[in-house]
Amino acid sequence: MTTSFFFSIREASPTELLWVHERIPEFPGKASLDFYTERLKNRLNLALVAERDGELLGFKVGYQSEKPDTFYSWMGGVRPEFRKHGIAHALAEFQENWVKTKGFTSVFFKTRNRFPAMIIFGLSRGFKIMEVIPKGGVEDYRVVMWKEL
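No experiment lies behind these values; they were computed from the predicted model shown. For every chain, the first residue of the written sequence is number 1, and numbering continues from 1 along that sequence. The predicted origin of the model limits local features to residues at a pLDDT of at least 70 and limits the giving and counting of side-chain atom pairs to 80 or more, whereas totals for whole chains, interfaces and linings rest on all residues. Note: side-chain values were computed over all heavy atoms of the structure, leaving out hydrogens and water.

A. Up close: the packing of aromatic side chains. Stacked, tilted and edge-to-face pairs are distinguished by plane angle, under 30 degrees for stacked and over 60 for edge-to-face with tilted covering the rest, among Phe, Tyr and Trp rings (Trp via its six-membered ring) whose centres lie within 6.5 Å. Inspection of the entire model under this criterion finds 13 aromatic pairs. Between Tyr36 and Trp74, the aromatic rings sit 5.3 Å apart at their centres with planes inclined by 65 degrees, giving edge-to-face as the arrangement. With a gap of 38 residues between them, Tyr36 in helix α2 (residues 33–40) and Trp74 in strand β4 (residues 70–78) connect regions that are remote in the sequence. In this structure, Tyr36 and Trp74 share a single accessibility class: buried. Placement of a positive charge over a ring is assigned whenever Lys NZ or Arg CZ falls within 6 Å of the ring centre and within 35 degrees of the normal to the ring plane. A cation sits over an aromatic face here: Arg43 above Tyr63, 4.2 Å from the ring centre. For Arg52, the ring lying beneath its charged end belongs to Phe5, and the centroid distance is 4.1 Å. To qualify as a helix, a DSSP run of H or I must reach at least 4 residues; to qualify as a strand, a run of E must reach at least 2; elements of each kind are numbered from the N terminus. The cut-offs for exposure are 20% and 50% of the maximum accessible area for each residue type, with area from a 1.4 Å probe on protein chains only; residues under the lower value are buried, those over the upper are exposed, and the others partly exposed.

Written out as structure tokens, the structure is:
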């Protein structure tokens, strides 16, 4: 991890989330502005971007789940050319600190079996694998990771 790579984190608009989303190669298909606005409307949510000199590097977005004291870290990613600089960790840290200030006691996210780096990332941040949901082929199985705050 490079330590001399400076960036900032701030709250993001749905348009900014979509812009970064479209530049994450692991996300198949085309997203839309409605994809974000519909999911986030009428719920407590936090949408973040990491940026450097006005350039968006990564994002993280989540919202209050059906269980009121649990936050769902729904989507996130870092553009490939900016990975390995601590951006994902910084976004997760910012999100978890915000989540704690809002009174949540746990956070969870879902990933797919085909993304071992994301599973390792979760484990490195203290998440536990709570469930594996078969869906499609084994590579598409959903891996649910959860963390007590």
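B. Structural view of helix α4 (residues 116–124). Within α4, burial applies to Ile119, Phe121 and Gly122. Looking down the long axis of α4, one finds its buried residues gathered within 160 degrees of arc, a one-sided arrangement. Of the exposed residues in α4, those oriented more than 90 degrees away from the buried face are Ala117 and Ile120. Any pair of residues with heavy atoms lying within 4.5 Å of one another is described as a contacting pair. Buried positions along α4 lie against α3 (87–101), β5 (106–112), β6 (128–133) and β7 (142–148). Downstream of α4 by a residue or two, Gly126 has a phi angle that is positive, lying close to 90 degrees. The arc in question is the one traced by the directions running from the helix axis out to the C-beta atoms.

C. Expanded view of the pairing of strand β3 (residues 55–64). Among the 10 residues of β3, eight are classified as buried, and the element is accordingly described as predominantly covered. Criterion used throughout: strands pair if DSSP finds at least two bridges between them. Direction of pairing for strand β2 (residues 45–52) relative to β3: antiparallel, over a ladder of eight bridges. Residue pairing for β3: Ala47 is matched across the bridge by Val61. Here β2 folds back onto β3 in antiparallel fashion, the turn holding two residues, of which Asp53 has a positive phi close to 50 degrees. Relative to β4, β3 runs antiparallel, the two sharing seven bridges. Across the sheet, Lys60 pairs through a bridge with Gly76, a residue of β4. What sits between the antiparallel neighbours β3 and β4 is a turn of five residues.

D. Quick look at the environment of Val144. Inspection of the secondary structure assignment puts Val144 in strand β7. Between the alpha carbons of Val144 and Met130 there is a distance of 5.6 Å; along the sequence they are 14 residues apart. Apart from the residues within four sequence positions on either side, Val144 is in contact with Phe108, Phe109, Lys110, Lys128, Ile129, Met130, Glu131 and Ile133.

E. Broad picture of the pattern of salt bridges. What makes a salt bridge here is a side-chain nitrogen of Lys or Arg within 4 Å of a carboxyl oxygen of Asp or Glu, nothing more. Tallied over the entire structure, the rule returns 13 salt bridges. Between Glu26 and Arg83 there is a salt bridge whose closest N-O contact spans 2.8 Å. A residue pair is termed long-range when its members are at least 10 positions apart, and Glu26 in the loop between α1 (14–21) and α2 and Arg83 in the loop between β4 and α3 qualify at 57 residues. Residue classification places Arg83 among the partly exposed residues on the basis of a relative accessible area of 31%. Between Glu38 and Lys41 there is a salt bridge; the shortest N-O distance is 3.1 Å. Residue classification places Glu38 among the partly exposed positions, given a relative accessible area of 44%. Three or more residues joined by partner-sharing salt bridges are found here, namely Glu93, Glu96, Arg125 and Lys147.

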